[in-house]
Amino acid sequence: MISNTITSVITGDIIKSRTQVTPETWIKVLKDALSFLSTDKTYWEIYRGDSFQIEIKDVHSCFIAALYIKACIKSIHGLDVRLAIGIGNKTYEGESVTESNGEAFIYSGETLETLKKEKQNLRIKTNSFEIDEALNLYFKLALISMDSWTVNLAEIVKLSIEKPDALQSELGQLIGINQNAVSTRQKRAHLDEIMELDLMYRQKINTLI
């Protein structure tokens with residue numbers, strides 16, 4: 001048992017995972033993504049084949065974490081991911097993330113079921129209806145772009161999050177394209193606008209703390 005601590009949880013599942021001839025490909029990408037977000041494996045778990053859960057202790061970073069997971073999965077041709085963010089208290093810490101409990105875990109799990117019914121790929125639930133209503137509208141609009149990312153666009157978003165201080169020319173060197181191509185891909189992915197949404201998310205979540 002632990003005292004009430006505000007935390008955030010992402011529960012997700014891979015869309016069309018069974019269409020992949022070699023599931024090992026996306027499983028490795030997913031494991032690498034979750035490891036990048038949390039080096040402590042007790043805070044993330046992959047279960048039921050294509051479902052996963054990760055606790056992000058810094059609630060302000062949860063949207064960018066969800067964004068990163070989406071970019072990683074969409075860097076594989078034909079795949080996408082559903083992501084449900086839950087923010088609330090944590091009342092019990094288990095030996096693994098799926099054994100822990102509290103509002104954040106319940107909100108995240110319930111919201112994933114909602115996503116499946118509504119065929120939407122990103123949603124948040126907190127204890128504030130006003131915050132949920134606003135952010136979920138922004139998410140729905142952002143998904144118009146994010147759901148349409150090509151492999152190349154997802155790759156540049158992934159790299160931009162991994163190396164936030166890198167110049168466009170430096171990002172280009174890592175994947176063998178020039179600075180202009182990096183700039184074009186970032187614009188086509190609407191990265192600037194999505195980063196503005198991240199700032200908005202952080203401001204709204206700050207009112208919950």
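The structure under discussion appears in the preceding block.
The paragraphs below set out a description of the structure included in this document.

Conventions adopted
- Within any chain, residue numbers begin from 1 and follow the written order of that chain's sequence.
- Where totals are concerned, whole chains, interfaces and linings use all residues; where local detail is concerned, this predicted model gives features only for residues with pLDDT of at least 70, and gives and counts side-chain atom pairs only at 80 or more.
- In computing side-chain values, all of the structure's heavy atoms are included and hydrogens and water are not.
- Secondary structure elements are taken from DSSP: a helix is a run of H or I of four residues or more, a strand is a run of E of two residues or more, and numbering for both begins at the N terminus.
- For a compact globule the rule gives 2.2 Å times the number of residues to the power 0.38, and the radius of gyration it is set against comes from C-alpha atoms.
- Remark: exposure states derive from per-residue accessible area (1.4 Å probe, protein chains only) relative to the maximum for the residue type, with buried under 20%, exposed over 50%, and partly exposed in between.
- Computed by Shrake-Rupley with a 1.4 Å probe, the accessible areas treat only the displayed protein chains as cover when residues are assessed.
- In a helix, the anticipated span is given by 1.5 Å times the number of residues less one.
- Contact criterion: two residues are considered in contact whenever any of their non-hydrogen atoms come within 4.5 Å of each other.
- For the purposes of this section, nonpolar cores are sets of buried Ala, Val, Leu, Ile, Met, Phe, Trp, Tyr and Cys residues that join through side-chain atoms within 4.5 Å.
- Within 6.5 Å between ring centres, the rings of Phe, Tyr and Trp (the latter by its six-membered ring) count as paired, and their orientation is classed by plane angle as stacked under 30 degrees, edge-to-face over 60, tilted in between.
- In this analysis an axis means a line fitted to C-alpha atoms, helices contributing only their contacting stretch, and an angle means the value between N-to-C directions, from 0 to 180 degrees.
- Here roughly perpendicular refers to angles of 65 to 115 degrees, roughly parallel to angles under 35, roughly antiparallel to angles over 145, and oblique to all remaining angles.
- Here a crossing is taken to be left-handed if its near helix is turned anticlockwise relative to the far helix by less than a right angle, and right-handed if that turn runs clockwise.
- Asp, Glu, Lys and Arg are counted as charged, while Ala, Val, Leu, Ile, Met, Phe, Trp, Tyr, Cys and Pro are counted as nonpolar; the rest, among them Gly, fall into the polar class.

### A closer look at the overall build of the protein chain
Okay, so step 1: Within the protein chain, the secondary structure is distributed over eight helices and five strands.
Okay, so step 2: The C-alpha radius of gyration computed for the protein chain amounts to 17 Å, which stays within 12% of the reference 17 Å derived for 209 residues, consistent with globular compactness.
Okay, so step 3: A principal-axis box enclosing the C-alpha atoms of the protein chain has dimensions of 50 × 40 × 30 Å.
Okay, so step 4: By the burial criterion, 49% of the 209 residues in the protein chain qualify as buried.
Okay, so step 5: Accessible surface, the protein chain as shown: approximately 10,500 Å² in total, 51% of it carbon and sulfur.

### Thoughts on helix 5 (residues 151-162)
Okay, so step 1: Counted at 1.5 Å a residue, the expected span for helix 5 with its twelve residues is 16 Å, and the 16 Å between its end C-alpha atoms agrees.
Okay, so step 2: When we look at burial in helix 5, the residues that qualify are Leu-153, Ala-154, Ile-156, Val-157, Leu-159, Ser-160 and Ile-161.
Okay, so step 3: The secondary structure elements touched by the buried residues of helix 5 are helix 2 (62-74), helix 6 (168-175), helix 7 (179-188) and helix 8 (191-206).

### Looking at the nonpolar core
Okay, so step 1: Grouped together as the largest cluster of nonpolar side chains are 51 residues, with contacts concentrated most on Ile-10, Ile-69, Leu-122, Trp-149 and Tyr-201.
Okay, so step 2: The element that contributes the greatest number of residues to this core is helix 2, accounting for eleven residues.
Okay, so step 3: Contacts of Ile-69, omitting those with residues within four sequence positions, involve Ile-10, Leu-30, Leu-34, Leu-37, Phe-52, Ile-54, Val-81 and Leu-83.

### A few points about the packing of aromatic side chains
Note on aromatic pairs: each is described by the distance of the centres and the angle between the planes.
Okay, so step 1: In the structure shown here, the tally under the stated rule is three aromatic pairs.
Okay, so step 2: Aromatic side chains Phe-63 and Phe-139 sit 5.2 Å apart centroid to centroid with 10 degrees between the ring planes, which places their arrangement in the stacked category. Here Phe-139 lies in helix 4 (residues 129-146) and Phe-63 lies in helix 2, a separation of 76 residues in the sequence.
Okay, so step 3: Given the relative accessible area of 0%, Phe-139 is considered buried.
Okay, so step 4: Considering the side-chain rings of Phe-63 and Tyr-201, the 5.9 Å spacing of their centres and the 40 degrees angle between planes classify their relative orientation as tilted.

### Focus: the environment of Lys-31
Okay, so step 1: On the secondary structure map, Lys-31 appears in helix 1 (residues 23-37).
Okay, so step 2: Judged by its relative accessible area of 41%, Lys-31 falls in the partly exposed class.
Okay, so step 3: Distance in space between the C-alpha atoms of Lys-31 and Glu-113 is 23 Å, their sequence separation being 82 residues.
Okay, so step 4: The residues touching Lys-31, leaving out its near neighbours within four places in the chain, are Trp-44 and Ile-46.

### Observations regarding the packing of helix 1 against helix 2
Okay, so step 1: Here helix 1 crosses helix 2 at 155 degrees, and the two axes come no closer than 9 Å. Classed by the angle they form, the pair helix 1 and helix 2 counts as roughly antiparallel. For helix 1 against helix 2, the interelement crossing comes out right-handed. Counting all contacts with helix 1, which are made through Val-29, Leu-30, Ala-33, Leu-34, Phe-36 and Leu-37, the residues of helix 2 involved are Ala-65, Tyr-68, Ile-69, Cys-72 and Ile-73.
Okay, so step 2: Tallied by class, residues from the contact of helix 1 with helix 2 come to eleven nonpolar, no polar and no charged.

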